[in-house]
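Here is what each chain is made of, one letter per residue.
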Amino acid sequence: MALGRLVNGQWTTVWTERNEKGEFQRMPTQFHHKITADGASGFRAEADRYHLYVSLGCPWAHRTVLLRALKGLEKVIGLSIVDPVISEQGWKFSDKQGCIRDKVNQADYLWQIYTKANPTYTGRVTVPVLWDKHTNSIINNESRQIIQILNTEFNFFAEKMVDFYPKSLQAVIDQTIDAIYQPINNGVYRVGFATTQTAYEQAMKELFLAMEHWENVLGKQPYLCGDEITLADWCMFTTLFRYDLAYYGLFKCNLKRLVEYPNLWNYCRELYQYPGVKQWCNISHIKQLYYVGLPELNPSGVMPVGPIINFDLPYKCRDRQI
Ligand SMILES: N[C@@H](CCC(=O)N[C@@H](CS)C(=O)NCC(=O)O)C(=O)O
């Protein structure tokens, strides 16, 4: 079992995210500071001060890498990419293809970043992590909050003037991110990590009802919140992108493949082909994370050869009845 956690700053391999009913229960993240453009929060948006630690396999971290790229913040916020396979000591840094070592803290394992921020930290050691080089601490490790910060607070430095969280839509974006979280983003994990038939089937039911719902919505409008791409779409995208690659097979989310939902599949391809996105979609890291790094679900660590999915197939806006 590769998943573990820190207890009072000590690494342990006890994993506690399941209840007695065999249901997966995600533990909340603990670092929730905010960076603001004016510094009113105590953390001012500045160039070369903050650093992101991510896994390219992880859907939550993937959101933050995408926002960094979509806003054109690559020169402003540094990046380290962990080894795609979770080790006995959790996420580690390596020289594998597509990885970037930790040149900020020279850590070998991500848990060392957590104990540097808090020597008595107890909890999971997850990606993404937004690190502050000035205070030598973790600003935030919750993807949903990090993408809001990157979207909204760094405009002075951003090379691309796009806004995925416009004021006029914030309420609907928040509701949509809430709506997709439990059945879809976290839903695939609730399906995949369930250890009883009842827990599995319940999570499956919620996942597939939600997939059908958004399939219908995307038949009427181009994006989850209407006519504009928003943060909600990037939150949905990173789960959909992994759907047929990992969740359908390893997690047994297998009533339908993504490619069997015409609108969701079309939408996924459109977001993949949005400028700046595909460069940060790493199928090899995704397969390694899920198939090699979760021995509890795949003890042999053998990775499937397929499926062959062409995310570059042209997408059709015209098919939608907008
Ligand atoms: N709520 C967090 C979830 C982050 C998360 O669970 N990341 C996973 C990777 S997909 C992780 O780092 N897992 C390592 C572990 O649990 O030990 C977020 O959205 O940022």
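Under an unreviewed UniProt entry, the protein chain has the name Glutathione S-transferase family protein and belongs to Nostoc spongiaeforme FACHB-130.

## Topic: the site of the ligand
Taken together, the neighbourhood of the ligand is formed by 17 residues, with Arg26, Cys58, Trp91, Arg124 and Ser143 sitting nearest. At 2.7 Å, a side-chain N or O of Arg124 approaches an oxygen atom of the ligand. When isolated, the ligand has an accessible area of 520 Å², and the protein chains bury 95% of it. Class assignment for the residues of the shell around the ligand results in nine nonpolar, five polar and three charged.

## Notes on the pairing of strand 5 (residues 129-132)
The two faces of strand 5 match: Val129 and Trp131 on one face and Leu130 and Asp132 on the other face are all buried. In the sheet, strand 3 (residues 50-54) pairs with strand 5 via four bridges, with the strands oriented antiparallel. Across the sheet, His51 pairs through a bridge with Trp131, a residue of strand 5. The sheet contact formed by strand 5 and strand 6 (residues 137-140) spans three bridges and is antiparallel. By the bridge assignment for strand 6, Asp132 is matched with Ser137. With antiparallel pairing between neighbouring strands as the criterion, strand 5 and strand 6 make up a hairpin whose turn holds four residues, including Asn136 at a positive phi of roughly 50°.

## Section: the confidence of the model for the protein chain
Scored by pLDDT, the protein chain comes out at a mean of 95, with 98% of its residues at no less than 70. Predicted complex metrics record ipTM = 0.98 and pTM = 0.96.

## Side note on the packing of aromatic side chains
In total, this model carries 29 aromatic pairs according to the counting rule given. Pairing Tyr114 with Tyr121 gives two aromatic rings, centres 5.1 Å apart and planes at 50°, and the pair type is tilted. Owing to a relative accessible area of 0%, Tyr114 belongs among the buried residues under this scheme. Here the aromatic residues Phe24, Trp60, Tyr181, Tyr189, Phe193, Tyr243, Tyr247, Phe251 and Tyr290 are joined through ring pairs into a cluster of three or more. Stacked on the ring of Tyr189, the Lys or Arg Arg26 has its end atom at 4.7 Å from the ring centre. In this structure, Arg269 packs its charged tip against the face of Trp265, placed 4.8 Å from the ring centre.

## Looking at the UniProt feature "domain: GST C-terminal" (unreviewed entry) in the protein chain
Following the UniProt record, one finds the feature "domain: GST C-terminal" (unreviewed entry) at residues 166-290. Helix makes up 66% of residues 166-290 and strand 0%, whereas the separation of the span's terminal C-alpha atoms amounts to 34 Å.

## Regarding the sheet that holds strand 6
Sheet architecture is open: four strands sit in the order 4-3-5-6, paired in mixed fashion. Either end of the sheet is taken by a strand with one partner, and the two such strands are strand 4 (78-81) and strand 6. The sheet shows a mean angle of 35° between the axes of neighbouring strands, direction not considered. Taken strand by strand, helix 3 (residues 143-152) contacts strand 3, strand 5 and strand 6, and its axis lies near 85° from that of strand 6.

## So, the environment of Thr230
With respect to the helices and strands, the residue Thr230 is situated in the loop between helix 6 (197-220) and helix 7 (231-247). Separated by 141 residues in sequence, Thr230 and Gln89 place their C-alpha atoms 36 Å apart.

## What to know about unusual backbone geometry
Across the junction of Val127 and Pro128, the peptide omega takes the value 5°, indicating a cis bond. Here Pro128 shows up in the loop between helix 2 (111-117) and strand 5. Of note, the bond from Gly306 into Pro307 is cis; its omega dihedral lies within 30 degrees of zero at -5°. Of note, Pro307 is situated in the segment after helix 9 (283-292). Positive phi, normally seen in glycine, also occurs at Asn136, with a value near 50°. Turning to its location among the elements, Asn136 is positioned in the loop between strand 5 and strand 6. Owing to a relative accessible area of 36%, Asn136 belongs among the partly exposed residues under this scheme.

## Quick notes on helix 8 (residues 262-272)
The buried fraction of helix 8 is high, at nine of 11 residues. Along helix 8, the residues classified as buried are Leu264, Trp265, Asn266, Tyr267, Cys268, Arg269, Glu270, Leu271 and Tyr272. For helix 8, the secondary structure elements touched by its buried residues are helix 6 and helix 7.

Cut-off values and rules
- Residues numbered from 1 in each chain as written.
- Predicted model: local features only at pLDDT ≥ 70, side-chain atom pairs only at ≥ 80, totals over all residues.
- Heavy atoms only, no water.
- Near = heavy atom within 4 Å.
- Polar contact = N/O pair within 3.5 Å; in protein donor to acceptor, adjacent residues only side chain to side chain.
- Areas by Shrake-Rupley, 256 points an atom, 1.4 Å probe, with all protein chains shown as cover.
- Nonpolar A, V, L, I, M, F, W, Y, C, P; charged D, E, K, R; others polar.
- Buried < 20%, exposed > 50% of the residue type's maximum accessible area, 1.4 Å probe, protein only.
- Helix = DSSP H or I, 4+ residues; strand = E, 2+ residues; numbered from the N terminus.
- Pairing = 2+ DSSP bridges.
- pLDDT = per-residue confidence, 0-100.
- Phe/Tyr/Trp six-rings, centres within 6.5 Å; stacked < 30°, edge-to-face > 60°.
- Lys NZ or Arg CZ within 6 Å of the ring centre and 35° of its normal.
- UniProt positions renumbered as here; feature names shortened; annotations may be inferred.
- Axes fitted to C-alpha atoms, helices over the stretch in contact; angles between N-to-C directions.
- Contact = heavy atoms within 4.5 Å.

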